[in-house]
Amino acid sequence: MSATVSATALRSHRAGELTRAHVGRQVRLGGWVHRRRDLGGLVFIDLRDRAGLVQLSFNPDWTPPAVMARAAGVGAETVVLASGVVALRPEASRDTSLGSREVEVHVTDLEVVGPAQTPPIPVARKEKEELPAEELRLKHRVLDLRRPELQRNLLLRHRLLQRTRQTLTDLEFLEIETPILTKPTPEGARDYLVPSRVHPGEFYALPQSPQIYKQLLMVAGYDRYFQIARCFRDEDLRADRQPEFTQIDLEASFVGPEDIQEIVERVLVDLWGEAGVEVARPFPRLTHREAMERYGIDKPDLRYGLEIRDLTPLLGGDAAPFLGEARAAGGRLRGIVVPGGATLTRKELDTLTSAARDARAGGLIWARRTAAGWEGQGVKAVGQRLLDALAGAEGDLLLAVAGPDTVTSPALHAVRTALTRRPGTAPATPHAFAWIVDFPLFEHDAESGLHVPAHHPFTAPHPADRDLLVGEPWRVRALHYDAVYNGNELGSGSIRITDPAVQHRIFELLGIPEAEIRRRFGFLLDGLAAGAPPHGGFALGFDRITMLLAGASSLRDVIAFPKTTAARALFEGAPTPVSADDLRGLHLQPLDD
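Within each chain, residue numbers correspond to sequence positions counted from 1 in written order. pLDDT decides what is reported in this predicted model: residues at 70 or higher carry local features, side-chain atom pairs at 80 or more are listed and counted, and totals for whole chains, interfaces and linings draw on all residues regardless. Here the side-chain values reflect all heavy atoms present in the structure, with hydrogen atoms and water set aside.

**Things to note about the pattern of salt bridges**
Worth spelling out the cut-off: Any carboxyl oxygen of Asp or Glu within 4 Å of a side-chain nitrogen of Lys or Arg constitutes a salt bridge here. Comment: elements are numbered from the N terminus, with helices defined as DSSP H or I runs of at least four residues and strands as E runs of at least two. A simple rule labels every residue: compare its accessible area, found with a 1.4 Å probe on the protein chains alone, to the largest value its type can have, and call it buried under 20%, exposed over 50%, or partly exposed in between.
The full count for this structure, using the stated rule, is 44 salt bridges. With a closest N to O distance of 4.0 Å, Asp405 and Arg334 form a salt bridge. With Asp405 in helix α13 (residues 405-420) and Arg334 in strand β13 (residues 332-338), the pair connects residues that are 71 residues apart, well separated along the chain. For Asp405, a relative accessible area of 36% puts it in the partly exposed group. Judged by relative accessible area, Arg334 falls into the buried class, the value being 0%.

**Focus: the nonpolar core**
Quick note on the threshold: The term nonpolar core refers to a set of buried residues drawn from Ala, Val, Leu, Ile, Met, Phe, Trp, Tyr and Cys, joined through side-chain atoms within 4.5 Å.
Leu168, Leu268, Trp272, Leu490, Phe538 and Leu540 are the most contacted members of the largest nonpolar core, which totals 59 residues. Ranked by residues supplied to this core, first place goes to helix α7 (residues 257-274) with 8 residues.

**Things to note about the side chain of Asp396**
Stated formally: Within 3.5 Å is the distance limit for a polar contact, defined as a pair of N or O atoms, with the added protein rule that one can donate a hydrogen and the other accept it, and that residues adjacent in sequence qualify only through two side-chain atoms. In what follows, residue pairs with any heavy atoms lying within 4.5 Å of each other are defined as contacts.
Relative to the elements of secondary structure, Asp396 occurs in the loop between α12 (384-390) and β16 (397-403). Among the polar contacts made by the side chain of Asp396, one reaches the main-chain amide nitrogen of Ala393 at a distance of 2.8 Å. Beyond its immediate stretch of four places on either side in the chain, Asp396 contacts Val337, Val338, Pro339, Gly340, Ala342, Ala367, Arg368, Arg369 and Trp374.

**Describing the side chain of Gln247**
Inspection of the secondary structure puts Gln247 in strand β10 (residues 244-253). One polar contact links Gln247 to Asp249, side chain to side chain, over a distance of 3.0 Å. If near-sequence neighbours (up to four positions away) are discounted, Gln247 is found in contact with Ser209, Pro210, Gln227, Ile228, Ala229, Cys231, Ala539, Leu540 and Phe542.

**A closer look at empty space enclosed by the protein**
Rolled over the atoms, a probe sized like a water molecule indicates the empty space that remains. Rule in force here: Grid spacing is 1 Å over the protein atoms alone, the probe is 1.4 Å, and a cavity is where that probe fits but cannot get out, while a pocket is an open set with protein on both sides within 12 Å along at least five of seven lines and lining residues have an atom within 4 Å of a point. Grid points are joined across faces, edges and corners, and a volume is the space filled by probe spheres set on the points. Any residue that is not Ala, Val, Leu, Ile, Met, Phe, Trp, Tyr, Cys, Pro, Asp, Glu, Lys or Arg is counted as polar, Gly included; the first ten are nonpolar and the last four charged.
Evaluated as defined, the whole model comprises 2 cavities of 30 Å³ or more. Empty space within the second largest cavity amounts to approximately 40 Å³. Along its surface, the second largest cavity is lined by Leu138, Arg141, Phe561, Pro562, Leu570, Phe571 and Glu572. Classifying every residue of the lining of the second largest cavity gives 5 nonpolar, no polar and 2 charged.

Below, the structure is given as structure tokens:
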């Protein structure tokens, strides 16, 4: 950034902007004391601001005595203004990889403008020094946000936001804001409810997504919409979830699935490009059935091979009885052949077995191919006929699980994941995108006995399966598609239902009473009845994308003021009790009344 942009009444440049091109110039800087070093009458301060660090040099040859004394007394994180002349650092201490580390400022004046107490957590850390506990850092988030790593993450987040806006604007999308105070709708999680003061006993809901509004914008004729949308979900948290989050939300009219996928690919390619990564498109496509069959999960990590195979047809009469029983009960024997895996130690095999059992498998069958043939506890289990049919090369390892797909898929996915995380395991490619398509429209909820949407109830059924809505709805495929990257779901989308009769039928299949349909979704059905174009859309998890591109391990490292896994904001102290008077003003009765 040029000095003309960052120059203000109090500074001429940012600290991290200075390079050897500024040598000899008089400058005025403002920033935070990152480190101070006192060396026998000389004082050096690393001054930090958003742009980086520069060394301030205090020397009696050019610094007045009062300024020398002031420099010797400033503490870490104090905010100062410094004036002086830019000079090259001594050759032995220059860092030519970073312009501001080639130079220093010979300070002639120093003013303390923001005295700081001794910080409860360090901002300046030595290389490889461990961070304080996360809860402590979140409690002192203002200090934590000063760390260069977090500042880089949030600067990247800003750049990704701007690139998103530019790409979608170039594609003729309109950025339109939708309401934050809305009405409750089913989107797979609990709503955050907001009581209305002016309408006693009535509540708004914070949006889980702008789903219905963006569909209504298509009905209204806006053709292409996008929004950097804030969304809210009152659900149990994990490392990759927050109760409030940001998504890149878009919708377009007169489109099919391939149109939306092409648009999303352009956005993702541009975002990865903004982070310095070149990505090719189009992305490969897998059906949901293929993904589950080959990888055991609907968001497979395609950087690695290690595909799951159905071994059931290879079983012979010499297999253990329990495999025949599993097969008779409708299960299968499925497994992974690991090239070179015969070198795994017994301890490593035990770790893989634990991964399978944690995923509800009864155990893990294994056998390895040596120069003498197959050996291991799995030889007797699967039988020689299967091993002969499997063939395989010397050094191969067979890992297998028996049972229904609901057991073998998650167990083998867990085993495959553990294999890819072994030290020294290199991916075939560092960046593997894919589309997963043809999801089921419904899932069966064992607890309630009802059909529930696999994603949300506004997804259009596959045209070839529409007749199955009467009689066999669980067989209906959806015009739904997910974008996945390196085993992470980046976002989901679908073609929407535009026929109000079909939408009404979906609500009925979900067990929603007629009165409830009208009360909760009447405005959507009325909108569709006004004449709805074919339309579809997508939502990308922006926080997750930023986390992946920043190389961060948690969403909390790319959000300025995140919540903990207990949904608490430690710095602000939220949520917090409110007074009985405030509750009564909202027509709510305090618990102790």
